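Summary of the model geometry
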Amino acid sequence: MRKSFKKAYLLLSPSLFWLTLFLVIPVIFIAIVSFTTNGDFGAIIYEFSTKAYTSAFSSLYAKVIWQSVWWAFVATVVCLVIAYPFAYFIANAGKWKNILLLLVMVPFWTNLLIRLYAWIILLNNQGVINNFLLDLGFIEEPLQLMYSPGGVILGLVYGFLPFMILPIYSSIEQLDKTYLDAAEDLGAGPVRTFLNVTLPLTFPGILAGFIITFVPAISVFVVTDLFTGGKLLMVGNVIRDAFLVEMNWQLGAALSLLLMILVLLSLMIFMRFTNRKDRKLLV
């Protein structure tokens, strides 16, 4: 037992070293900084203070946090509505399955920033969509497709849709088809089979996709920067500005920790409602 434990420890020690150096220590440092005092020009004064958390829970930042949660939630729900039928189709596509999966993975090979710039060409007032609708006479003046919450949600959906498709696909792919055959033999129609068999059995994939999509969507700041010109903010924008613009490390650290707690709560919810096999969907 001791020898096997020692071997396991030796095998894990490089990973544990890197995790400690680049994850645990920085998080501890951020936690310490969040309780310090902000000095001139961003100086950190190591005097205990909870001012950063008081500011983080003020009406101004609370509104931004709630706005971020709401936009990320709406975008995640939209991703779910789009992703589930698409993932179901891929799982039952036969010889086309690998090609369709490759097409889902293609966006990961291109930087999100570049892909969002392409959407700006489509959505701005003089963009392709507005010019097309104006030429057809459907509208008399350009639609405000950017600089709005709708544009932010569109950007989030476009950026993180593959994160929803892949875990749902994995869950559907692992579904035991004998349950579907049994439901058909018992007289259940396609709709009833889907609602009573397929949907409950693939719920772990839905939950994994929801978390994997929601977590980055709530913290991203490039979408609001590009699609609203910084006029609309999410919590990611506030954290970035707190560190780099306002030089208020305490506020940035406090907001970062609060966001991290939100992520951990999401993971705890997933762990609570899934078993060990289903948790592999998060990997």
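Residues numbered from 1 in each chain as written. Predicted model: local features only at pLDDT ≥ 70, side-chain atom pairs only at ≥ 80, totals over all residues. Heavy atoms only, no water.

**Brief notes about the overall build of the protein**
- If you tally the helices and strands in the protein, you get 13 helices and 2 strands.
- Each principal axis of the C-alpha atoms in the protein carries an extent, and together these give about 75 × 70 × 35 Å.
- The buried share of the protein, taken over its 283 residues, is 37%.
- The long-range fraction of contacts in the protein, counting pairs at least 24 apart against all pairs at least 6 apart in sequence, stands at 66%.
- Placing the 18 positive and 14 negative side-chain charges of the protein at their respective mean positions leaves the two points 18 Å apart. (Helix = DSSP H or I, 4+ residues; strand = E, 2+ residues; numbered from the N terminus. Buried < 20%, exposed > 50% of the residue type's maximum accessible area, 1.4 Å probe, protein only. Contact = heavy atoms within 4.5 Å. Lys, Arg positive; Asp, Glu negative; His and termini not counted. Charge placed at Lys NZ, Arg CZ, Asp CG, Glu CD.)

**Looking at the nonpolar core**
- With 57 residues, the main nonpolar core has Ile-90, Leu-116, Leu-156, Ile-165, Ile-168, Val-222 and Val-223 as its most contacted residues.
- Every residue in contact with Val-222, bar those within four places of it in the chain, is listed here: Leu-112, Leu-113 and Leu-116. (Core = buried A, V, L, I, M, F, W, Y, C linked by side-chain atoms within 4.5 Å.)

**Section: helix H12 (residues 235-244)**
- In terms of residue burial, H12 counts as a mostly covered element, since 8 of its 10 residues are buried.
- Taken together, the buried positions of H12 are occupied by Val-235, Gly-236, Asn-237, Val-238, Ile-239, Asp-241, Ala-242 and Phe-243.

**Overview of helix H3 (residues 59-91)**
- Relative to the 48 Å expected for 33 residues at 1.5 Å per residue, H3 spans 46 Å between its end C-alpha atoms, a close match to the ideal helical length.
- Taking the largest bend as the criterion, H3 deviates by roughly 30 degrees, centred on Ala-83, and proline Pro-85 comes between one and four positions later. (Expected span 1.5 Å × (residues − 1). Bend = angle between axes of the 7 residues up to and from the residue.)

**Some points on the packing of helix H9 (residues 190-201) against helix H10 (residues 203-219)**
- Where H9 meets H10, the axes come as close as 4 Å, and the angle between the chain directions of the two elements is 50 degrees. Compared by their axis directions, H9 and H10 come out oblique. Contacts between H9 and H10 involve Leu-199, Pro-200 and Leu-201 from the first element and Phe-203, Pro-204 and Ile-206 from the second.
- Grouping the constituent residues of the contact of H9 with H10 by class yields 6 nonpolar, no polar and no charged. (Axes fitted to C-alpha atoms, helices over the stretch in contact; angles between N-to-C directions. Parallel < 35°, antiparallel > 145°, perpendicular 65-115°, else oblique. Nonpolar A, V, L, I, M, F, W, Y, C, P; charged D, E, K, R; others polar.)

**Notes on a negative patch on the surface**
- A cluster of acidic side chains, namely Asp-176, Asp-181, Glu-184 and Asp-185, defines a negative patch on the protein surface.
- Within the fold, Asp-185 resides in helix H8 (residues 177-185). (Patch = residues over 30% accessible without salt bridge, like charges linked within 9 Å, V, L, I, M, F, W, Y side chains within 5 Å. Areas by Shrake-Rupley, 256 points an atom, 1.4 Å probe, with all protein chains shown as cover. Salt bridge = Lys/Arg side-chain N within 4 Å of Asp/Glu carboxyl O.)

**Thoughts on the confidence of the model for the protein**
- On average, residues of the protein carry a pLDDT of 85, and 93% of them reach 70 or more.
- The least confident element of the protein is helix H1 (residues 2-34), whose mean pLDDT is 80; the most confident is H3, at 92. (pLDDT = per-residue confidence, 0-100.)

**Examining the packing of H10 against helix H13 (residues 249-272)**
- Following both chains from N to C, one finds H10 and H13 inclined at 175 degrees, their axes separated by 10 Å at the closest point. Judged on the interaxial angle alone, H13 and H10 are roughly antiparallel. Only Leu-259, Leu-262, Val-263, Ser-266, Leu-267, Ile-269 and Phe-270 of H13 make contact with H10, whose side of the interface consists of Pro-204, Leu-207, Ala-208, Ile-211, Phe-214, Val-215, Ile-218 and Ser-219.
- Of the residues that constitute the contact of H10 with H13, the class distribution is 13 nonpolar, 2 polar and no charged.

**Some words on the environment of Leu-145**
- Locating Leu-145 in the fold gives a position in the loop between helix H6 (128-136) and helix H7 (149-173).
- A relative accessible area of 24% means that Leu-145 is categorised as partly exposed.
- For the pair Leu-145 and Leu-122, spaced 23 residues apart in the sequence, the C-alpha separation amounts to 9.3 Å.
- Leave out the neighbours within four places in its chain, and Leu-145 touches Leu-123, Ile-129, Asn-130 and Gly-151.

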